[in-house]
Amino acid sequence: MIKILSISAVITILLFVSLNFIFPLPGNVEYSTIITGNKGEVLHAFLTKDEKWRMKTSLDEISPLLRTTIIEKEDKLFYYHSGVNPFAIARAVIKNIFHLKRTSGASTITMQVARALEPKSRNYFNKLIEIFRAYQLELKYNKDEILQLYCNRLPYGGNIEGVKSASLLYFEKDPDHLSLAEITALCIIPNRPSSLVPGKHNDRIIAERNKWLKKFAADQVFTKKQIEDALTEPFTASRNVVPKFIPHLAYKLKKNGPPVIRSSIDIKTQLKTEKIVSDYSRSL
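Residues numbered from 1 in each chain as written. Predicted model: local features only at pLDDT ≥ 70, side-chain atom pairs only at ≥ 80, totals over all residues. Heavy atoms only, no water.

1. Description of the pattern of salt bridges
Rules: Salt bridges are defined as contacts in which a side-chain nitrogen from Lys or Arg sits within 4 Å of a carboxyl oxygen from Asp or Glu. A run of H or I in DSSP becomes a helix once it reaches four residues, and a run of E becomes a strand once it reaches two; helices and strands are each numbered from the N terminus. For every residue, the accessible area (1.4 Å probe, protein chains only) is compared with the maximum for its type, and the residue is labelled buried under 20%, exposed over 50%, or partly exposed between those bounds.
Within this structure, the stated rule accounts for 22 salt bridges. Measuring nitrogen to oxygen at the nearest pair gives 2.9 Å for the salt bridge that ties E118 to R133. Placement of E118 in the loop between α4 (109–117) and α5 (124–140) and of R133 in helix α5 is noted, with a sequence separation of 15 residues between them. Take E118: its relative accessible area is 22%, and that puts it in the partly exposed class. For R133, a relative accessible area of 8% gives the class buried. Within the structure, one salt-bridge network assembled from shared partners comprises D50, K52, R54, R153 and E161.

Structure, rendered in structure tokens:
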């Protein structure tokens, strides 16, 4: 019996290695080019080739508050499984068979990343491909890198993708400066990006946000004070425009540059200088 299991394990490993070689993970993700100032603030940004605002969220922007909220909501065992949660899959299959339709999903964060990298229609065959891709991701990246990929590909409706893009466009701040209420809102919008649009459906977003905050309270994820403050925090977000300062320098730096380019520009000095030049030119 042990010998049979050992042979099966070897065959499974060889099969996975072969498939991993034949069907490698999809290519690198394209991100919006961002030009930042000397303090790291975004001064200018460019759309990707597919016309998306897909700004790269760095690992240090995934604050402990953001990390905890995402994992608690999406995949509590994220740091303990190898890409797939077999218990969640078994539970989902039983529920789906019992109700004779799809009523419960079992996608881990890693599986959601796999789906985002290679979008396909929802069926059982494609779910198997998703599971295979999840194992590939776990083999290639560590958990923090997978969480980073997840944060970078969340859909927020229209042409907005990723936590950083949503944070800047809806709250005009970087992800690591978000409050618990704002983070929770950004965690629920990707589930229904077309019916939870900031600026249009703020009442719905508040209701859904508060439902999850109360669940976090019941599970004692955050302190009582944190939850109380988050529940009373208003939600007035709407879509803003991306900063477009230093356009000439931004276009020059963008050529063959990395996704995030840090300049030596001090924005306060820059704006003051622009005003002086503008006032002087008018007098001429």
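Continuing now.
2. Details of the environment of G162
This is how it is decided: Contacts were defined at the residue level, with two residues in contact if any of their heavy atoms lie within 4.5 Å.
For G162, the location among the structural elements is in the loop between β4 (160–161) and α7 (163–171). The exposure class of G162 is buried, given its relative accessible area of 0%. Sequence-distant contacts of G162, that is, excluding residues within four places in its chain, are made with C151, N152, R153, L154 and Y156.

3. Let's talk about the nonpolar core
This is how it is decided: Nonpolar cores are built from buried Ala, Val, Leu, Ile, Met, Phe, Trp, Tyr and Cys residues. Side-chain atoms within 4.5 Å join them into one set.
Within the largest apolar cluster, 52 residues are counted, with the highest numbers of intra-cluster contacts made by I70, I109, Y156 and L186. Contributions of two or more residues to this core are made by β2 (42–45), α2 (64–74), α4, α6 (143–153), α7, α8 (180–188), α9 (202–218) and α10 (224–232). Broken down by element, this core gets its largest block of residues, seven residues, from α8. Setting aside residues no more than four positions away along its own chain, I70 makes contact with D75, I109, L147, Y150, C151 and C187. Residues I35, L43, A250 and I267 belong to the second largest nonpolar core, which totals eight residues.

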